[in-house]
Amino acid sequence: MKKNICFLALVVALAATNVFSQSKNDSILNDVIVTGTRTATTSRNLPVTVSVVDRQTLTANERVNILPTLTEQVPGLFVTQRGVMGFGVSGGAAGGIGVRGLSAGTGQLLVLVDGHPQYQGVFGHSIGDSYQTMMAEKVEVVRGPASVLYGSNAMGGVINIVTRGMKHDGIQTQLNLGAGSYGTVQTELSNQIKQGRFSSTVAAQYGRSDNHRPRMGFEQYGGYLKLGYELSDNWNAFADVDITHFNASYPGTEAKPMFEADQWITRGVATLGVENHYANTNGRISVYDNFGIHKINDGYAEGAKPQTELFRSKDALAGISWYQTLSLIEGNSVTVGMDYQHIYGRAYYTSRETGEIVTTGRRGMQSCHTHNNEIAGYVDVRQDITPWLTLDAGIRYDNHSTAGSEWIPQAGIVVKPLPTGTFKATVSKGFRNPTTKDLYLYGTANDTLHAERLWNYEIAWRQSLCGGAVNYGINLYLMQGDNMIVTVPMNGAQKNMNSGKFKNRGAELQASWRVNSHWHLTTNHSLLHIDTPIEGNPEYKGWLGADMNYGKWTATAGAMQVSGLYTIASSDVKQSFTLVNATVGYQLNKNIRLWAKGENLLGEKYEYISGYQMPGATFMGGVNLCF
């Protein structure tokens, strides 16, 4: 508690000095975003809460994955880790994304790439190692339900990765090379072209690390391709493909080590679409296919026998998405859209010796091969009543071939009592359809399950000061969920049932200060109260960061305070720790930049996951080439 008080006191001291700053800078109140609505608009006009993390911030600490940076920059969001590089899947996996007490690991938070859903079709969760900085222009995070626009799994919010693209004619190539502690190596090569109506982005990535424990190696290959063509002044077509493959090992906890617990995972997504842009209307229709192939050896404990079978799964989430936004009268915006998804999942075991499929009923599971379909339509209306008052309302009808139908409403109000201040209030419903695992896999399966539901009530205040140099915002929210899928005893066995409830409430603060052309300070804080302990969601998280730019030198540094983190829900023991990171860069010439970074510089001993102590201080160095 004393560390939390000191951390907050430092932030208050910094905030108190903002009255002396007279720098001019665009306000974050006018960030142009696409996630809170299907079409680009300023954040000030939307009742939902959206955080934007741009590419400069995503790449400042020379990370190949976006998730650690989002943990620092977005209040209310927290991602678990277990080593220097790699999250993995299955037993002992990290990469669990939590927001306001809800988790992408259980499908309650939706990850999007350019507005298209990305999650594993069998287990219904995101896979953290898929989200690379090489493809991201920026990331927009909606905190709170976004199910009206994005459907199932967006009950707690969405993370939308907006992909890169060239804005001006020319050719640009970048190469990033780095190496450091525990045999860690990271490389990224990208090329962008824009010539007239044609544009392209091509990127490839390779990374590996031994990590800080035996049998915890990680290796990853990734590639990204995006092509665009302007068919006319009003129409353009695009296509992109993203593929990542990683090999990860699970060492078990320090008290109970595991052997041969290995994973071979391939994930990919392909998209094809056409967009239109007119003075009073714009929209898009696109088709996409999000697919994966997974092979997992569950491993064995010390003294036990090696596994004779491998878990295998294949899945696909294919869909069609269409929306059109129209401005019918002055100050009006109406978005109508439809989504169709075909959710495919196949899970089975194969013999390690012969490769043949075996149906041993292991953990109560026979070979599972299922298809589900989901179709939805929605409308969202936003109307300026006066220059200082905007109303927003939307509704979605969603039908799942197994779980049935849901009506999803949302309503909000935006009040602008000051030229630089905005008050927002929203009431919204979120939902998550049961996954293939919930419905059909293992002895707990129940094919009569319905969707999980929650209601979110939220108020927020945003203000810009000192000509846009200082920006801050605060949110208060209450989430109440029911119909949650939990495993309960039934007739001498365990069964999935819609019987869980929860109530989460909290507060979030976010602020930034552009001190001058050389210094920029940011901070965010979140408090979370939950009735039942949930792994991977701290009661308090705070971040204080500083960016410096002087001539050829750049530096970014920050401290993150985490308190009340449950690493295992059944225990009363909570983790509290402070992490300090720093990155320094030097522009040798117009083409070459050198960099060095250190993480956990205080050498803290801490865990995100019970039994997986994180490494002490780690260091890396490298070079960026741009030509």
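Everything below is about the structure printed above this text.
Please read these numbers as outputs of a predicted model, since none were measured by experiment. (Residues numbered from 1 in each chain as written. Predicted model: local features only at pLDDT ≥ 70, side-chain atom pairs only at ≥ 80, totals over all residues. Heavy atoms only, no water.)

Asks: Before we go on, may I ask you to explain the overall build of the protein chain in this structure?
Replies: Per the secondary structure count, the protein chain includes five helices and 37 strands. For 627 residues, the compact-globule estimate of 2.2 N^0.38 gives 25 Å, and the C-alpha radius of gyration of the protein chain, at 24 Å, lies within 12% of that figure. In terms of its C-alpha atoms, the protein chain occupies a principal-axis envelope of roughly 70 × 55 × 55 Å. Looking at the protein chain as a whole, 55% of its 627 residues qualify as buried. In the protein chain, the share of contacts with a sequence separation of at least 24, taken over all contacts with a separation of at least 6, comes to 62%. Summing over all exposed atoms, the protein chain offers an accessible surface of approximately 25500 Å²; the carbon and sulfur share of this is 60%. If the 51 positive side-chain charges of the protein chain are averaged to one point and the 50 negative ones to another, these points end up 3 Å apart. (Helix = DSSP H or I, 4+ residues; strand = E, 2+ residues; numbered from the N terminus. Rg over C-alpha atoms; globule rule 2.2 N^0.38 Å. Buried < 20%, exposed > 50% of the residue type's maximum accessible area, 1.4 Å probe, protein only. Contact = heavy atoms within 4.5 Å. Areas by Shrake-Rupley, 256 points an atom, 1.4 Å probe, with all protein chains shown as cover. Lys, Arg positive; Asp, Glu negative; His and termini not counted. Charge placed at Lys NZ, Arg CZ, Asp CG, Glu CD.)

Asks: Where do I start with the sheet that holds strand S7 (residues 110-113) in this structure?
Replies: Think of a sheet as strands paired side by side through backbone hydrogen bonds, with each pair either parallel or antiparallel. Here five strands make up an open sheet; going across it, the order is S3-S9-S10-S7-S8 and the pairing mixed. If you trace the sheet from one side to the other, it starts and ends with strand S3 (49-54) and strand S8 (116-118), each paired once. Here the strands of the sheet are splayed against their neighbours by 25 degrees on average, with no regard to which way each runs. Relative to S8, S7 runs antiparallel, the two being bridged by three bridges. Bridging from a neighbouring strand, Val 111 pairs with Gln 118 of S8. (Pairing = 2+ DSSP bridges. Axes fitted to C-alpha atoms, helices over the stretch in contact; angles between N-to-C directions.)

Asks: Looking at this structure, I do not really get unusual backbone geometry. What am I missing?
Replies: Phi is mostly negative for residues that are not glycine, and the peptide bonds are mostly trans. Positive phi values are uncommon outside glycine, yet Glu 62 reaches one of about 55 degrees. Structurally, Glu 62 is set in the loop between helix H2 (55-59) and helix H3 (67-73). Positive phi outside glycine occurs at Cys 466, with the angle close to 55 degrees. Mapped onto the elements of the fold, Cys 466 is located in the loop between strand S27 (452-465) and strand S28 (470-490).

Asks: Where do I start with the sheet that holds strand S6 (residues 102-103) in this structure?
Replies: In spatial order, the strands read S4-S5-S6; together these three strands make up an open sheet with antiparallel pairing. The open sheet is flanked by strand S4 (77-79) and S6, the only strands paired with a single partner.

Asks: What should I look at first to understand the nonpolar core in this one?
Replies: One broad rule of soluble globular proteins: the nonpolar side chains tend to lie buried together. Membership of the largest hydrophobic core comes to 40 residues, with the highest contact counts inside it found for Ile 66, Leu 70, Ile 159, Ile 161 and Tyr 608. Not counting the four nearest positions on each side in its chain, Tyr 608 is found in contact with Phe 78, Val 79, Thr 80, Gln 81, Met 560, Leu 565, Thr 567, Phe 577, Leu 579 and Met 614. (Core = buried A, V, L, I, M, F, W, Y, C linked by side-chain atoms within 4.5 Å.)

Asks: Before we go on, may I ask you to explain the side chain of Thr 578 in this structure?
Replies: Within the fold, Thr 578 resides in strand S33 (residues 574-587). Thr 578 gets classed as buried once you look at its relative accessible area, which sits at 12%. One polar contact links Thr 578 to Gln 561, side chain to side chain, over a distance of 2.2 Å. (Polar contact = N/O pair within 3.5 Å; in protein donor to acceptor, adjacent residues only side chain to side chain.)

Asks: Looking at this model, I keep getting lost on the pairing of strand S21 (residues 332-351). Mind explaining?
Replies: Along any regular strand the residues' side chains alternate between the sheet's two faces. In terms of residue burial, S21 counts as a mostly covered element, since 15 of its 20 residues are buried. Connecting strand S20 (residues 309-326) to the next strand, S21, in antiparallel fashion are five residues, including Gly 331 with a positive phi near 75 degrees. Sheet topology places S21 next to strand S22 (residues 357-358); two bridges connect them, and they run antiparallel. Bridged to Thr 350 within S22 is Ile 357. With antiparallel pairing between neighbouring strands as the criterion, S21 and S22 make up a hairpin whose turn holds five residues, including Gly 355 at a positive phi of roughly 80 degrees.

Asks: Sorry if this is basic, but what is going on with the packing of aromatic side chains here?
Replies: When we look at a pair of aromatic rings, we describe it by the centre distance and by the angle of the planes. The tally for this structure, following the rule as stated, stands at twelve aromatic pairs. Aromatic side chains Phe 78 and Tyr 608 sit 5.5 Å apart centroid to centroid with 40 degrees between the ring planes, which places their arrangement in the tilted category. Separated by 530 residues along the polypeptide, Phe 78 in strand S4 and Tyr 608 in strand S35 (residues 607-609) bring together distant segments of the chain. Measuring from ring centre to ring centre gives 5.2 Å for Tyr 206 and Tyr 221, while their planes differ by 50 degrees; the resulting arrangement is tilted. Here the residue Tyr 206 occupies a position in strand S13 (residues 198-209), and Tyr 221 occupies one in strand S14 (residues 218-230), the gap between them amounting to 15 residues. Classification of Tyr 206 as partly exposed rests on a relative accessible area of 23%. Accessibility expressed as a relative area gives 40% for Tyr 221, which makes it partly exposed. Through pairs of rings, three or more aromatic residues link up here, namely Phe 78, Phe 577, Tyr 606 and Tyr 608. (Phe/Tyr/Trp six-rings, centres within 6.5 Å; stacked < 30°, edge-to-face > 60°.)

Asks: Sorry if this is basic, but what is going on with the pattern of salt bridges here?
Replies: Pairing between side chains of opposite charge can happen when their charged atoms approach one another. Enumeration over the complete set of coordinates arrives at 24 salt bridges. The salt bridge partner of Lys 194 is Glu 230, with a shortest N-O separation of 3.9 Å. Here the residue Lys 194 occupies a position in strand S12 (residues 184-195), and Glu 230 occupies one in strand S14, the gap between them amounting to 36 residues. Through salt bridges that share partners, Arg 63, Glu 72, Lys 597 and Glu 599 make up one connected network. (Salt bridge = Lys/Arg side-chain N within 4 Å of Asp/Glu carboxyl O.)

Asks: Is there a simple way to think about the pairing of strand S34 (residues 592-599) in this case?
Replies: Pairing between S33 and S34: six bridges, direction antiparallel. Its bridge partner lying in S34, Thr 583 is registered against Lys 597. Counting the residues that bridge the hairpin from S33 to S34 gives four residues. One ladder, built from eight bridges, connects S34 with strand S37 (residues 618-626); its direction is antiparallel. Note on S37: the bridge partner recorded for Glu 599 is Thr 618.

Asks: Looking at this structure, how should I read the side chain of Arg 213?
Replies: Residue position: Arg 213 is located in the loop between S13 and S14. No salt bridge is formed by the buried Arg 213; the nearest opposite charge belongs to Glu 254, separated by 4.7 Å. A polar contact of 2.9 Å, which involves the side chain of Arg 213, links it to the backbone oxygen of Gly 252. Here Thr 253 takes part through its backbone oxygen, which lies 3.4 Å from a polar atom of the side chain of Arg 213. Other than its neighbours up to four places away in sequence, Arg 213 contacts Pro 251, Gly 252, Thr 253, Glu 254, Gly 611 and Tyr 612.

Asks: Would you explain a nonpolar patch on the surface in this entry?
Replies: Judged by side-chain polarity, Phe 198, Val 202, Leu 225, Leu 227, Tyr 229, Leu 231, Trp 235, Val 241, Ile 243 and Tyr 278 come together as a nonpolar surface patch covering roughly 830 Å² of accessible area. If you list the elements that add at least two residues to the nonpolar patch, you get S13, S14 and strand S15 (235-249). Following the sequence through the fold, Tyr 278 ends up in the loop between strand S17 (262-277) and strand S18 (281-296). (Patch = residues over 30% accessible without salt bridge, like charges linked within 9 Å, V, L, I, M, F, W, Y side chains within 5 Å.)

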